[in-house]
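These are the residues of each chain, in order.
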Amino acid sequence: MDRLTGLLVQARDGDRLALGAAIRLSQVEVWRLAAHLVAYWFTRGVVREGRDRLDRFLAACAADTPCRLKAMHGAGLLASAQGATEDARRLLQQSIELS
């Protein structure tokens, strides 16, 4: 089992993904983890949890953080899944502007 899969398994019950573990990841791993978690939240039907977590991450991270793009894109996809079209449009547009 690779490192990211191990972290996802730890997160399967909700809150078990420790911020400390994410901090030790390389930038590439953070991007991969963000992509995996969006799919995880979507397929597990916990879209609200995922969106809340990404919203908190976006509020806390600096505007020039490279992983902000993935987080915005993921939050936009989850907002769309919730039917929050204006939020989805705003987040996805901002992610396009960052890319």
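Owing to the predicted nature of the structure, the values given are computational and were not obtained by experimental measurement.

Definitions and cut-offs
Residues numbered from 1 in each chain as written. Predicted model: local features only at pLDDT ≥ 70, side-chain atom pairs only at ≥ 80, totals over all residues. Heavy atoms only, no water. pLDDT = per-residue confidence, 0-100. Helix = DSSP H or I, 4+ residues; strand = E, 2+ residues; numbered from the N terminus. Core = buried A, V, L, I, M, F, W, Y, C linked by side-chain atoms within 4.5 Å. Buried < 20%, exposed > 50% of the residue type's maximum accessible area, 1.4 Å probe, protein only. Axes fitted to C-alpha atoms, helices over the stretch in contact; angles between N-to-C directions. Parallel < 35°, antiparallel > 145°, perpendicular 65-115°, else oblique. Left-handed = near helix turned anticlockwise from the far one by under 90°. Contact = heavy atoms within 4.5 Å. Nonpolar A, V, L, I, M, F, W, Y, C, P; charged D, E, K, R; others polar. Expected span 1.5 Å × (residues − 1). Arc of directions from axis to C-beta.

1. Considerations on the confidence of the model for the protein
And then number 1: A residue-level look at the protein finds 67% of positions with pLDDT of 70 or above and a mean pLDDT of 77.
And then number 2: Within the protein, the lowest mean pLDDT, 53, falls on helix α2 (residues 19-23), and the highest, 94, falls on helix α6 (residues 85-98).

2. Here we look at the nonpolar core
The nonpolar side chains of a soluble globular protein tend to be buried with one another.
And then number 1: Ranked by internal contacts, the top residues of the largest apolar core, which has 15 residues, are L37, W41, L54, L58, A75, L78 and L91.
And then number 2: Those elements that place two or more of their residues in this core are α3 (27-44), α4 (47-60), α5 (67-82) and α6.

3. Structural notes on the packing of α5 against α6
And then number 1: For the pair α5 and α6, interaxial distance at closest approach is 8 Å and the crossing angle is 155 degrees. Considering the angle they form, α5 stands roughly antiparallel to α6. Considering only the axes of α5 and α6, their crossing is left-handed. Across the interface between the two elements, R68, L69, M72, H73, A75, G76, L77, A79 and S80 from α5 touch D87, A88, L91, L92, Q94, S95 and L98 from α6.
And then number 2: For the contact of α5 with α6, a count of residues per class yields 9 nonpolar, 5 polar and 2 charged.

4. Focus: the environment of S80
And then number 1: With respect to the helices and strands, S80 occurs in helix α5.
And then number 2: S80 sits 11 residues away from L91 along the chain, and the two C-alpha atoms are 9.9 Å apart.

5. Some details on α4
And then number 1: The end-to-end C-alpha distance of α4, which contains 14 residues, comes to 20 Å, matching closely the 20 Å that a straight helix rising 1.5 Å per residue would cover.
And then number 2: Regarding α4, the residues found buried are V47, G50, R51, L54 and L58. The buried residues of α4 occupy an angular sector of 95 degrees when projected down its axis, which confines them to one face. Along α4, the residues that are exposed and aim more than 90 degrees away from the buried face are R48, R56, A59 and A60.

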